[in-house]
Amino acid sequence: MTSPSLPWSRRAFLATSAAVGAALTVGAPGPALAADAPADDEFAALRAKWRALYLGEGFSPTAEPFKSKLAALGTQAKAWQDAMAPATGSLWPDAVFGDPDPDTDTESYGYSEKIQTSYERVRSMAEAFCQPGTGLTGDASLRTAVLTAVDHLGEQVYNASQKQYGNWYNFQIGAPQRLLDICVLMYEHLSAAQLTAAIAAVDHFVPDSLVASYSGTSTGANRIDLCRVLALRGILDGTAAKVALARDAVSPVFPYVTSGDGLYADGSLIQHTYVPYTGSYGAVLIDGLSRLFALLGGSKWAITDSGRQIFLDSVEDAYAPFLHDGLVMDNVAGRAISRGLVATDTLKVQQDDHSRGHGIIASILLLGQGASAGENARWQALAKGWFTRDRYSDVTSGRTLGVAALSRVTALLGDAGVKAAAEPVGHRVFPSMARATHRTSRFTASVSMSSKAITFYENGNGENIRGWHTGSGLLSWWAADDSAGGGQYSDGFWPTVDPYRLPGTTVSRKALADGEGGTWGAARPATTWVGGTTDGTYAAVAQDTRGLSSTLRAKKAWFFLDDAVVCLGAGITSTDGAGVESVVDTRNLGATGTARLTVDGRPRATALGSNSTVQGARWAHLAGHGGYVFPGGAALTALREERTGTWQGINGGGSTDPVTRRYVTLLADHGTDPADASYAYVLLPGASASRTAARAADRGWVAVTANSGAQQGVRVPSLGLTSAVFWEPGTVGPVTVDAPLIVQIRERRDGTATVCVSDPNRAVKSATLVWRRPVRAVTSKPGSVTAATPGQELTLTFGDLSGTGGRTQKVTVTLS
């Protein structure tokens, strides 16, 4: 018997499954492949390791949340078992995969998806058979149903004579991954003929040639998925060459890329050529690699390529900047933001930024097992911090993770020797994917932009069909004492928010069609200017904003500070005959929220459906959220409304259940066909009404030094900060440049200063910057600086910046 505290160890599982297999075998011979030979112990060990990775270990099936999760798994498996009705073209009546006119059109996509769906159901049935506590553990009838299902799907559609149709993904990744998992889980119960048929089918649809070149659909997360298929296929029958191929085919994923899919040196992660995807395909990538590292580690096929360190570094360089208190930011999740509530047979599964974040964090924990001791310790501390601060979605509820990942997470949370790390602070610019993240002790924020290289938004397969403006300056933020507990964009936001009024954006109200601009990232603005510069603490970020299928043009800039973001817009012009608005903010109040809005200390937009404009507004405050200051005053429109939508309204596979949420929206209305309109406001996340009013009254705290289509800039004396976006050469305050650049200068109390410069256009061949401030010496400079002359003023000469990738060039000086 196993220990009560560790009732289902790997050894106990294997012993139990062997005993169950012996008891249930009814005349069918066991596998008569290479895997039966004594020399195959290494493959048997790898199959056992994969079982443990898939099923989990070290948890008590009688303790929550495992008890409930396992019982639910058993209930679902029984429902699928009872509903099975093998027929020509289907295994279940509601999952018809037989395509009467097989090709690659939308209809065929629907049919091929049902192949994957069918294998997913069978895999869940196999898991219920193998896991303890499901009520079906070792159940003979369930075993028979699984084997019947494998035979039927193999005979009907997934076999060596079948031609591929519909979505390539279903045949090359979705179906074979699930089939191979089933084969490993049910290995002792499958006949040699069944295993041979499964292997032949996988070899047919996933030949070695799919990983012969790093191109097309065999890159990034897709490549790792293919490697997982090849590795498990080799382990299944003891074909060492397949496992070695899987190991070697991983290597092209590691090196940094400079275009297309993959990891960039600046921490960007791109998939589908144009889509920032750290939070979705990136989740698949880190999940797949963490599993492969764990599976092959310690074997003769361990992944030892020196490039693996690039990916290990990505945990803190690429993933952590987009993780916040358990969630992963939506602006790097592509079309996944539209999935929300998805109906899966008898279950409705909620997907959101927290569920995606939990999955990534769990993968980081698994990846740590193959990293250095120092990395593993840091990642465990980060993970514990992210999970313990997540007030919106408690990971221990079991809602977001499967049993295996949850077993690793609960072990971490119960380890008193691991101390939770605080939220990392600092600013990161990701020029290669037009994103920036900002963290202070008061708040976390991120801005989402677009360019010729980065799509406005991604839609495809009927998903995210109204995400049009998510790359038009979307500014997401979370205060440290967030009243929504991190649920601002999690709680029914995407199906209910006005898609023309996303927070921080400047957009035309011109009506757009669902999927406007094309699928898979085809919709991209005709501009290359997007990026920022940062000293790692503060930042200046800017976007040459273009309207999706409209004539809208705008210059938008954000200056990220310690407790605020200064937001400027200028040159706002459009000739579409439609209204144009800049959205100061749109805050989700939940289903019944009544947060009090005040403008200049007076209540505004108090009733649902109210819409009012205050001329010359100096400040506004939304209780439980934060404050807004308008330097010089502004015409501020405030709305309070209740909006109802469905997940299916933005995603064809979503739930039809109505979702209703309340919003307060603050707008700068530029009217119809504006010419050279502008705005200026300061966002104060988490600020009280009194702090907001005090900041508005302090006229010297921030000075807007420029706000035109040529230059935009601010000065914050208390921080020693001078920042400017030079859309054109010119002068802003004490700074003059002769090329389009972004500049941030920060003077410190110790008599030093940093001058940070970037070329977001990636086109500057030479540039000169003059800072009219006495400087005694230049103490450090990058190679891009060809001359540096201190004195009564500082002159910096830069060489070719076009090859710097838009990254910050940082110069440090000693002041006179």
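Counting restarts for each chain: residues are numbered from 1 in the order of the written sequence. Local features in a predicted model are, by the rule used here, given only for residues with pLDDT of at least 70; side-chain atom pairs are given and counted only at 80 or more, and totals for whole chains, interfaces and linings are based on all residues. Here the side-chain values reflect all heavy atoms present in the structure, with hydrogen atoms and water set aside.

### Focus: the overall build of the protein
Starting at the N terminus, helices and strands are each numbered in turn, a helix being any DSSP run of H or I of at least four residues and a strand any DSSP run of E of at least two. Along the backbone of the protein there are 16 helices and 35 strands. Structurally, the protein occupies a C-alpha span of about 90 × 60 × 55 Å along its principal axes. Counting only residues that meet the buried cut, the protein has 60% of its 816 residues in that class. Residue contacts are defined here by distance: any two heavy atoms, one from each residue, within 4.5 Å place the two residues in contact. Counting only contacts in the protein whose residues sit at least 6 apart along the sequence, the fraction spanning at least 24 positions is 70%. His is not counted here, nor are the chain ends, while Lys and Arg score as positive and Asp and Glu score as negative. Taken as the charge centre is NZ of Lys, CZ of Arg, CG of Asp or CD of Glu, depending on the residue. Charge separation in the protein, taken as the distance between the mean sites of 71 positive and 73 negative side-chain charges, equals 6 Å. Only protein chains enter the accessibility calculation, which uses a 1.4 Å probe; a residue whose area is less than 20% of its type maximum is buried, one above 50% is exposed, and one in between is partly exposed.

### Thoughts on the packing of aromatic side chains
Aromatic pairs are defined between Phe, Tyr and Trp rings, using the six-membered ring for Trp, whenever the two ring centres lie within 6.5 Å; interplanar angles under 30 degrees are classed as stacked, those over 60 as edge-to-face, and all others as tilted. Using the criterion set out here, one finds 19 aromatic pairs in the structure. With a centroid separation of 5.0 Å and 45° between ring planes, the pair formed by Phe171 and Phe205 is classed as tilted. With Phe171 in helix H6 (residues 168-185) and Phe205 in helix H7 (residues 192-205), this residue pair connects regions lying 34 residues apart in the sequence. As far as burial versus exposure is concerned, Phe171 and Phe205 are alike and both buried. A centroid spacing of 6.3 Å and a plane angle of 75° characterise the contact between Phe311 and Tyr319, whose relative ring orientation is edge-to-face.

### Some details on the sheet that holds strand E3 (residues 275-276)
When DSSP finds at least two bridges between two strands, those strands are taken to pair. Spatially, E1-E2-E3 is the arrangement adopted by the 3 strands of the open sheet, whose pairing is antiparallel. Both outer strands of the open sheet, strand E1 (262-263) and E3, are each paired with one neighbouring strand and no more.

### Structural notes on the sheet that holds strand E10 (residues 443-448)
Spatial ordering of the open sheet is given by E8-E9-E10-E11, a layout of 4 strands whose pairing is antiparallel. Sheet topology places strand E8 (426-430) and strand E11 (474-479) at the edges, where each strand pairs with a single neighbour. Neighbour to neighbour, the strand axes of the sheet diverge by 5° on average, direction disregarded. Relative to E11, E10 runs antiparallel, the two being bridged by 6 bridges. Across the sheet, the residue bridging to Thr444 is Trp478, located in E11. Axis lines are fitted through C-alpha atoms, for helices just across the contact stretch, and the angle between N-to-C directions can take any value from 0 to 180 degrees.

### Description of the packing of H6 against H7
Look at H6 against H7: their axes get within 10 Å of each other, and the N-to-C directions meet at 160°. The angle between H6 and H7 places the two elements in the roughly antiparallel class. Where H6 crosses over H7, the handedness of that crossing is left-handed. Together, Phe171, Gln172, Pro176, Leu179, Leu180 and Cys183 of H6 and Leu195, Ala198, Val202 and Phe205 of H7 make up the contact between the two elements. Amino acids outside the nonpolar list (Ala, Val, Leu, Ile, Met, Phe, Trp, Tyr, Cys, Pro) and the charged list (Asp, Glu, Lys, Arg) are all regarded as polar, and Gly is one of them. Tallied by class, residues from the contact of H6 with H7 come to 9 nonpolar, 1 polar and no charged. Every angle not falling under 35 degrees, over 145, or within 65 to 115 is termed oblique; those three ranges are roughly parallel, roughly antiparallel and roughly perpendicular. Crossing handedness: left-handed means the near helix sits turned counterclockwise from the far one by under a right angle, and right-handed means the same turn made clockwise.

### Brief notes about helix H3 (residues 66-83)
Between its first and last C-alpha atoms H3 spans 26 Å; for 18 residues at 1.5 Å apiece the expected length is 26 Å, and the two agree. Every buried residue of H3 is listed here: Phe66, Leu70, Leu73, Gly74, Gln76, Ala77, Trp80 and Gln81. Given a helix with a known number of residues, its expected span is that number minus one, times 1.5 Å.

### What to know about the pattern of salt bridges
In what follows, salt bridge is the name for a side-chain nitrogen of Lys or Arg lying within 4 Å of a carboxyl oxygen of Asp or Glu. All told, the structure shown has 36 salt bridges when counted by the stated rule. A salt bridge links Asp287 to Arg291, with the shortest nitrogen-to-oxygen separation between them at 2.9 Å. Of this pair, Asp287 and Arg291 both sit in helix H10 (residues 281-296), separated by 4 residues, roughly a single helical turn. Taking the relative accessible area as the measure of exposure, Asp287 reaches 24% and is therefore partly exposed. Between Arg466 and Asp514 there is a salt bridge, and its shortest N-O distance comes to 2.9 Å. You can see Arg466 sitting in the loop between E10 and E11 and its partner Asp514 sitting in the loop between strand E12 (506-508) and strand E13 (530-534), a full 48 residues away along the chain. Relative accessible area serves as the criterion here: at 43%, Asp514 is assigned to the partly exposed category.

### Side note on the pairing of strand E23 (residues 677-685)
For E23, a buried count of 8 out of 9 residues is recorded, marking the element as mostly surrounded by other parts of the structure. Note that strand E16 (residues 565-573) and E23 share 6 bridges and pair antiparallel. For Leu568, the partnering residue across the bridge sits in E23 and is Ala680. Pairing analysis gives 4 bridges linking strand E21 (residues 626-645) to E23, with the strands arranged antiparallel. Residue pairing in the sheet places Tyr628 in a bridge with Leu683 of E23.

### Considering the packing of helix H13 (residues 373-388) against helix H14 (residues 403-413)
Between two packed helices, what matters for the description is the angle formed by their axes and the separation of those axes. Close contact between H13 and H14 brings their axes to 10 Å; oriented N to C, the two are set at 95°. In terms of orientation, H13 lies roughly perpendicular with respect to H14. For the pair H13 and H14, contact is made by Gln380, Ala383, Lys384, Phe387 and Thr388 and by Val409, Leu412 and Leu413, respectively. Considered class by class, the residues forming the contact of H13 with H14 number 5 nonpolar, 2 polar and 1 charged.

### Topic: the confidence of the model for the protein
Note: predicted coordinates in regions of low pLDDT should not be interpreted at a detailed level. Confidence in the prediction for the protein averages 93 pLDDT; 94% of positions are at 70 or higher. Each residue carries a pLDDT value, the predictor's own confidence for that position, ranging from 0 to 100. With pLDDT under 50 throughout, residues 1-39 is counted as low confidence; its partners more than four residues away or in other chains account for 60 contacts.

### Looking at the side chain of Ser124
Within the secondary structure, Ser124 is located in helix H4 (residues 106-130). Apart from the residues within four sequence positions on either side, Ser124 is in contact with Leu73, Ala77 and Trp80.

### Considering the environment of Gly334
Tracing the chain through its elements places Gly334 in the loop between strand E5 (327-328) and strand E6 (341-344). In sequence terms Gly334 and Ser161 are 173 residues apart; their C-alpha atoms lie 36 Å from each other.

### Notes on unusual backbone geometry
In this structure, the amide linkage connecting Glu64 to the following residue, Pro65, adopts the cis form with an omega of 5°. We note that Ala434 has phi near 55°; this positive angle belongs to a residue other than glycine. By the secondary structure assignment, Ala434 is in the loop between E8 and strand E9 (435-439). Notably, Asp676 is not glycine yet its phi reads approximately 60°, a positive angle. Residue Asp676 is classed as exposed on the basis of its relative accessible area of 55%.

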